[in-house]
Amino acid sequence: MSASDSATDGSTARSDGGIAREGASDPVDHAFPPKASIKRWFVTTNHKDVGILYLVTSLLFLAMGGVLALLMRAQLWVPRAPGTGPLSALAYNQAVSVHGLVMVFWFLSPFAFGFANYVVPLQIGAKDLAFPRLNALSYWLYLASGLLLGVSFFQGGSFAGGWTMYAPLNLPAYTPSVGGSSAILALMLFVVSVTVGSVNFLTTIHRMRAEGLTLRRLPLFTWTILLTVWMMLFAFAALLAALLILSADRLLGTTYFATEAANGSLLWTHLFWFFGHPEVYIVFFPAVGVMAETFQTFTGRRLVGRKWFIASMVLVALQSFIVWMHHMFLTSINLSIKTLFMATTIGISLPFDLMVFALIYTMVKGRIRFKTPFLFSFGGLLLFIVGGITGVFLGAVVLDYEFRGTYWVVAHFHYVMVGGVTALVGGLYYWYPKITGRMYDEFLGKLHFATYFVGFNLLYFPMFVAWETPRRVFEYEAGMTPWHQLATVGAVVFGASFLLMFYNMVVSAYAGEPAGDNPWTYASTAEWAVASPPPLENFPGLPSYGDGTLRFLDRSATATAGGEAGEVTDGGAAASGHGEDHASVWPFGVGVAAFLVFFGLSGLENGAFPTGTMGPVYAVTLGLGLVATLATLVGMGYERFHGPSGPFGESWPFEGVDNLKTGVWIFLASDVVLFGAFIGAYVFLRFSVGWTGWEPIPENIGPGLINTYLLLTSSFAVVLALEAAERRNRLGVVASLVTTLVLGIGFLGNKAIEWAHLFGEGVGLSSNIRASTFFLTTGLHAAHVITGLVIVAYLLPRAWRGAYLDDAGPIEHFGLYWHFVDIVWLFLFPLFYIL
């Protein structure tokens, strides 16, 4: 295998897999924005383009959330009676709710993942993400969800029950507008986007790293994204379960959260905060990665205690799932449980302390250059320290009784979350030259930081003083007026600082000084080894860290230590000699179809569309959306698309497993949490009512037993299909898949007969909590069966043409999914038919 010259002059080995440069290369003037048609942005699948789309779109949502925040602060200028001021009471509740939703979901995480999309493949030596079309699909689903949230304001008003959507305020009895349902469905669609993106990033980081780039050597920003995505995979699955149940309560008439005797309200808080507290670290971890990268670059030294820094992040990621109950100290949970979670909450601060000290000691040991990216990263660290210290008060049970529901929580929460935003803004300045090929205006950047930092502290620090103000209301004691007016002035200054940023970024993109490959001189990760902006294929050769130094190998070589040099299809099939594709219209089509489906669903009331003017509109939109979704997914499946190959180096813990199989395993891991949340909700409600007094809804065990036999037999048929494919028996493959299809249809038919019988006896979704849990949980499982049958229907004509005789991978991948669906039924059958 031949090797070309090193990518950089004077590059030396780095233990983190990066590069150490002795000097910046000559500036290269690359046009930005790219001179391309608008069509490009609708069909692109390239990770750099998708990253730019994420960044721009998330900043637009930042502007939306910021306007809502300014309206809230205007309402709080003086204590007002209901019906006075710029906002009505309902409008204020909507502003509070949607501001929180937009900032937490549609701005923070997507903003971070704009950088992740652009930078991570470059840092790990990949030409793109493992599944480029899924990456584009994730973006279009994200945009569709945000548009649906915007539309909700025009459907009788958006959701007005707070961004945490506590039960029973999240039910139609208290938030009855169709727009409220649209906001919840928009969040559900956003979670689908997150799940698609999580599977893609995990597959990429574990399977697509360059030769010699071990996990231990990963750049710290990539490390934070890896841990973030693992947390997202499981946390958002729990949120998806909560949203599916809530949507069923609002649209279909189930009674999960309306059942006081079964502690429905407490169930929501468990489901939401099992997601909600890991979300704090999901938001903040990418900011930690930006801090680590910028501190290393602008102090000129490697991060102190790097391996302990990584170990601390891993520990936080694991602990984040066992602290959720400190959000529930004011509930009826017994004191022993509260004390346990107080200990876990305080314990999670310890690894964060280590990370903070590592960053501080890196500054002490280095020579700091006070450039704009460093200023924002350092400012973010300071804000986070204040947020962490004030959060200790809320982690103590006794103090939480005093502070919960007050502006102390508002201030603490924003010091933590906006601390992360501050570092991410530093990341925007840090990678701006790489993305655009031009430098921003340094003076305007520093002016932005000054107004930003002053404005933020003017806005939120007074809230600690006026902490007795209750959250989410605009009535407060007159003695607190000066503090609220100071906060409102701070909000205006804080908002104005972003106008400086937008002006600087837009003008510099067209008129800024050309940036070299590495304008920071000491930036040490692989993205700084290529041109600014990087070329389409990222690297001039195949990146390798085989000797500890970044080098580019000849792509004509047939093999590397970890895998083949030829390209592979998006599904993982070998296609050596075929270059990667970078365009597909189908992800955009699926995004449009998904918007239509979820908009149509928002009009449902107790399982039916209203008889008024809008009822038929919602029904027709839903029908068109379902047809369009199926058509675009089939089109995407039949499109010949070639993505990048892998692995080229270590791919632990997925060595010997192709990309698509890795993706399926990762997706199923999230599905385990989804079904686990549904089963957990069932067990929680049943214990609340009384386990022994809870009789099974189906009186006859027969239909459930028959369905068990049908699914087990269908799994055996899939095994036979795989065996026939390996023996190159085309008819055997077709016959086995047909058998699977028939048995699956039989399962659904038997289930339909059973449900019809129950409906005929007057047992429906809203009859009682027992019926709600039975119909919704088994209905979710039936939806998985339907999805599997659609996949079988897609596989059959291809199998007839002999598609899987040379590569049985697709059948094996489908088999993993189908066996999982069958295993889930083995848990549901005894729960609902026997126990």
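Details of the structure are given in the entry above.
Let us look at the structure shown here.

### With respect to a nonpolar patch on the surface
- Taken together, the side chains of L630, V634, Y638, I786 and V790 define a hydrophobic patch exposed on the protein surface, amounting to about 410 Å² of accessible area.
- Looking at the nonpolar patch, the elements with two or more residues in it are α16 (614–638) and α20 (769–800).
- Top contributing element to the nonpolar patch by residue count: α16, with 3 residues.
- Here V634 lies in helix α16.
- For V634, a relative accessible area of 34% gives the class partly exposed.

### Here we look at the pattern of salt bridges
- A full pass over the atoms with the stated rule returns 9 salt bridges.
- With a closest N to O distance of 2.8 Å, R404 and D400 form a salt bridge.
- Judged by its relative accessible area of 21%, R404 falls in the partly exposed class.
- Residue classification places D400 among the buried residues on the basis of a relative accessible area of 0%.
- The partner of E754 in a salt bridge is K751, with the nearest N and O atoms 3.4 Å apart. Placement of the pair is E754 and K751 together in helix α19 (residues 730–760), with a separation of 3 residues, close to one helical turn.

### What to know about the nonpolar core
- Formed by 260 residues in total, the largest nonpolar core has its most connected members in F105, W106, F236 and F309.
- Broken down by element, the residue count for this core peaks at 22 residues, all from helix α3 (residues 89–124).
- Excluding residues that lie within four positions of it along the chain, F236 makes contacts with F105, F190, V191, V194, M231, F275, E279 and I282.

### A few points about the packing of aromatic side chains
- Enumeration according to the criterion identifies 85 aromatic pairs in this entry.
- On the numbers, 6.2 Å between centres and 65° between planes, the contact of F284 with F352 is edge-to-face. Taken together, the residues span a long stretch of sequence, with F284 in helix α7 (residues 264–299) and F352 in helix α9 (residues 335–365) at a distance of 68 residues.
- On the basis of relative accessibility, which here comes to 3%, the residue F284 falls in the buried class.
- Their ring planes at 20° and their centres at 5.6 Å tell us that F376 and Y429 sit as a pair that is stacked. On the criterion of sequence distance, the pair formed by F376 in helix α10 (residues 372–395) and Y429 in helix α12 (residues 407–436) is long-range, its members being 53 residues apart. The two residues F376 and Y429 agree in class, both being buried.
- For the cation-ring pair, R686 lies above W691, with the distance from its terminal atom to the ring centre recorded as 3.9 Å.
- The ring centre of W800 lies 4.7 Å from the NZ or CZ of R730, which sits over that ring.

Conventions adopted
Residues numbered from 1 in each chain as written. Predicted model: local features only at pLDDT ≥ 70, side-chain atom pairs only at ≥ 80, totals over all residues. Heavy atoms only, no water. Patch = residues over 30% accessible without salt bridge, like charges linked within 9 Å, V, L, I, M, F, W, Y side chains within 5 Å. Areas by Shrake-Rupley, 256 points an atom, 1.4 Å probe, with all protein chains shown as cover. Salt bridge = Lys/Arg side-chain N within 4 Å of Asp/Glu carboxyl O. Helix = DSSP H or I, 4+ residues; strand = E, 2+ residues; numbered from the N terminus. Buried < 20%, exposed > 50% of the residue type's maximum accessible area, 1.4 Å probe, protein only. Core = buried A, V, L, I, M, F, W, Y, C linked by side-chain atoms within 4.5 Å. Contact = heavy atoms within 4.5 Å. Phe/Tyr/Trp six-rings, centres within 6.5 Å; stacked < 30°, edge-to-face > 60°. Lys NZ or Arg CZ within 6 Å of the ring centre and 35° of its normal.

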